[in-house]
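Spelled out from the first residue to the last, the chains are:
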Amino acid sequence: MTAPRALTIAGSDSGGGAGIQADIKTFQELGAFGMSAITAVTVQNTLGVGGVYPMTPAAVVEQIDAVGSDIGVDALKTGMLFDAAIIEAASARIAAFGWTNVVVDPVMIAKGGAELLRAEAVEAMKRYLLPLALVVTPNIPEAEALAGMPIRTMEDRREAARRIAALGAKTVVIKGGHAEEGAEGGIDSGAIGGVSGAEAAAAEGGAEADHGRTRPVESDAAEAEAGRIRSAESDTAEEGIAMPSGERPLEGGAEAGHAAVSALRADRAMPDAARAQVVVDLVYDGHSFEELTGVRIPTRHTHGTGCTFSAAIAARLAAGADVREAVRTARDFIQAAIEGAPELNLGGGHGPTAHWAYRRLKREGR
Ligand SMILES: Nc1ncnc2c1ncn2[C@@H]1O[C@H](COP(=O)(O)OP(=O)(O)O)[C@@H](O)[C@H]1O
Ligand SMILES: Cc1ncc(COP(=O)(O)O)c(N)n1
């Protein structure tokens, strides 16, 4: 019996918040032994990416082979792959080893705007890598690129998930971190996940009172009885904010919720944070949809959230969890890490998240 073994095939972030650094910290926190095949070295801090030094495809292959032929891999994730040649070479080795616990984070553009994947490499990702993916975790702009369609509404997101699944990925998780850009960026946040109007729902149900722990919502008949909290504008079952079966609003109810919303608003770094209080990740397994909702933390410290989320999925898969459980744990892990980020208070730009926060919460029995 060996320890759970997790491999990241991704870029290095000198700033330590994203890339392989985030991945290995996350693996460690979740009890998996972390290994890496580095695709590129980035010169990076919280202010942005100052340079990208890609490895050759052969060097990436050698790293994968060194790890695979000796130590072994129970699950892997891919992150920044930079170009089509690296994607094709890495995909071929994943297939040759027969690894099936494969999480693809289709990293394209850093939060600061730097290109981490050449535009022409998107086709290679669709052709070589997505068919190997047990789970693919695009953010909204990445899902738009993979699905070849704009995403403005939750229904758009569902359609994009269907298209990405048709490319061969078994489970598609379209993350909602960027849905908030609706106010400035053209995505209709009011229609995505019931984000607009969610403040009222949070106040009603004490959504923050559980520190934003994930609330999985199944899109089936059972959810009708699950005590849904509706946002003011949502009129279909899938657009509301919901409590899972058996979960009740926490004690304190409306008052706790109001206090929570006020606390969220108190973040000076983002004074208009109140416009969007909920973040929804959409999960599609080829058959049905599930929405994982969390409290949207008003913060600029989201550097490496996608890396951390996908690494957490891989760590849980390495330990034998099924996809559903792995994704839910990853959502809780990233929520805790973002909540804990102010404690780090690092850098002058988009700061990293606190990779140890989830473990601390668990230790405290929360
Ligand atoms: N402000 C936030 N508050 C809570 N969770 C967030 C926030 N921003 C992102 N997340 C979560 O972090 C994960 C990564 O999301 P996202 O930021 O969309 O991906 P990426 O880092 O790839 O752009 C998702 O699970 C998302 O729900
Ligand atoms: C090496 C590397 N990999 C991935 C990201 C994406 O992270 P983010 O989207 O949070 O900037 C990054 N900035 N650097």
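Right, let's walk through the structure included here. Position labels on residues start from 1 in each chain and follow its written sequence. Numbering of ligands from 1 and lettering of chains from A proceed in the order in which they are written. Only residues with pLDDT of 70 or above have their local features reported here, since the model is predicted, and side-chain atom pairs are shown and tallied only from 80 upward, although totals for entire chains, interfaces and linings are computed over all residues. Hydrogens and water are ignored here; the side-chain numbers use all heavy atoms of the structure.

**Digging into the side chain of Asn139**
Secondary structure is summarised from DSSP: a helix means a run of H or I of at least four residues, a strand means a run of E of at least two, and numbering begins at the N terminus for each. Among the secondary structure elements, Asn139 is positioned in the loop between β6 (135–136) and α5 (140–147). The exposure class of Asn139 is buried, given its relative accessible area of 11%. Within the structure, the side chain of Asn139 is placed 3.4 Å from the side chain of His178, a separation counted as a polar contact. What Asn139 contacts, discounting residues up to four positions off in sequence, is Ile174, Lys175 and His178. Buried, partly exposed and exposed residues are distinguished by accessible area as a fraction of the type maximum, computed with a 1.4 Å probe on protein chains only: under 20%, between the cut-offs, and over 50%, respectively. Contacts described as polar in this section are N or O atom pairs within 3.5 Å, which, within protein, must combine one atom able to donate a hydrogen with one able to accept it, while residues neighboring in sequence count only if both atoms come from side chains. It only takes one pair of heavy atoms within 4.5 Å for two residues to be counted as in contact.

**Comments concerning unusual backbone geometry**
We note that Phe82 has phi near 70°; this positive angle belongs to a residue other than glycine. Along the chain, Phe82 falls in the loop between β4 (75–78) and α3 (84–97). Even without being glycine, Asn345 reaches a positive phi, approximately 55°. If you trace the backbone, Asn345 turns up in the loop between α11 (323–344) and α12 (357–363).

**Describing the site of ligand 2**
A molecule or strand has a residue near it when one of that residue's heavy atoms lies within 4 Å. Near ligand 2, the surroundings consist of 15 residues, among which Gly11, Gln44, Lys111, Leu116 and Gly304 are the closest. In the environment of ligand 2, an oxygen atom lies 3.0 Å from a nitrogen or oxygen atom belonging to the backbone of Lys111. Contacts to ligand 2 include Gly304, whose backbone N or O atom sits 2.6 Å from an oxygen atom. With the chains in place, 95% of the 360 Å² that ligand 2 exposes on its own is no longer accessible. If you list the elements that add at least two residues to the shell around ligand 2, you get β1 (5–13) and α10 (305–318). Looking at the shell around ligand 2, its residues break down into six nonpolar, eight polar and one charged. Only the protein chains shown count as cover for residues, with accessible areas throughout obtained via the Shrake-Rupley method and a probe of 1.4 Å. Each residue gets one of three labels, nonpolar for Ala, Val, Leu, Ile, Met, Phe, Trp, Tyr, Cys and Pro, charged for Asp, Glu, Lys and Arg, and polar for the others, Gly among them.

**Some points on the pattern of salt bridges**
Only one rule defines a salt bridge in this text: a Lys or Arg side-chain nitrogen within 4 Å of an Asp or Glu carboxyl oxygen. Per the counting criterion, the structure on display carries 15 salt bridges. Here the salt bridges share partners, and the residues they tie into one network are Glu155, Arg158, Glu159, Arg162, Arg163 and Glu291.

**Considering the environment of Gly340**
One can find Gly340 in helix α11. The sequence separation of Gly340 and Tyr358 amounts to 18 residues, and the corresponding C-alpha distance is 8.7 Å. Apart from the residues lying within four places of it in its own chain, the contact partners of Gly340 are Ala354 and Ala357.

**Some points on the packing of aromatic side chains**
In summary, the pairing rule links any two rings of Phe, Tyr or Trp, Trp by its six-membered ring, whose centres are within 6.5 Å, and it sorts them by plane angle into stacked for under 30 degrees, edge-to-face for over 60 and tilted for everything else. One pass over the full model with this rule turns up three aromatic pairs. Their ring planes at 20° and their centres at 4.4 Å tell us that Tyr284 and Phe289 sit as a pair that is stacked. Like Tyr284, the residue Phe289 is buried in the burial classification. Between the aromatic rings of Phe333 and Tyr358, the centroid separation amounts to 5.3 Å while the plane-to-plane angle is 45°, which identifies the pairing as tilted. Placement of the pair is Phe333 in helix α11 and Tyr358 in helix α12, with a sequence separation of 25 residues.

**A look at a nonpolar patch on the surface**
Every patch collects residues that have over 30% relative accessible area and no salt bridge, joining them within 9 Å if they carry like charges and within 5 Å if they are nonpolar side chains (Val, Leu, Ile, Met, Phe, Trp, Tyr). A cluster of nonpolar residues, Val41, Val43, Tyr53 and Met55, forms a patch on the protein surface that exposes about 350 Å² of accessible area. Mapped onto the elements, Met55 comes out in the loop between β3 (48–54) and α2 (57–70). A residue is classified by how much of its surface remains accessible, and Met55, at 31% relative accessible area, is partly exposed.

**Focus: helix α1 (residues 19–29)**
Within α1, burial applies to Gly19, Ile20, Ala22, Asp23, Thr26, Phe27 and Glu29. Structurally, α1 contributes buried residues whose contacts are with β1, β2 (33–45), β4, α10, α11 and α12. Backbone geometry just after α1 places Gly31 at a positive phi near 85°.

**Focus on the packing of α5 against helix α6 (residues 154–166)**
Packing of α5 against α6 brings their axes to within 9 Å, and their N-to-C directions diverge by 55°. When the interaxial angle is binned, α5 and α6 end up oblique. Here α5 and α6 pass one another in a crossing that is left-handed. Residues Ile140, Ala143, Leu146 and Ala147 of α5 form the contact with α6, whose participating residues are Arg157, Ala160, Arg163 and Ile164. Only the stretch in contact is used when a helix axis is fitted, and all axes are lines through C-alpha atoms; the angle between N-to-C directions ranges over 0 to 180 degrees. Orientation categories follow fixed angle ranges, with anything under 35 degrees roughly parallel, anything over 145 roughly antiparallel, 65 to 115 roughly perpendicular, and all other angles oblique. By convention the crossing between two helices is left-handed if the near helix lies anticlockwise of the far one by an angle smaller than a right angle, and right-handed if it lies clockwise.

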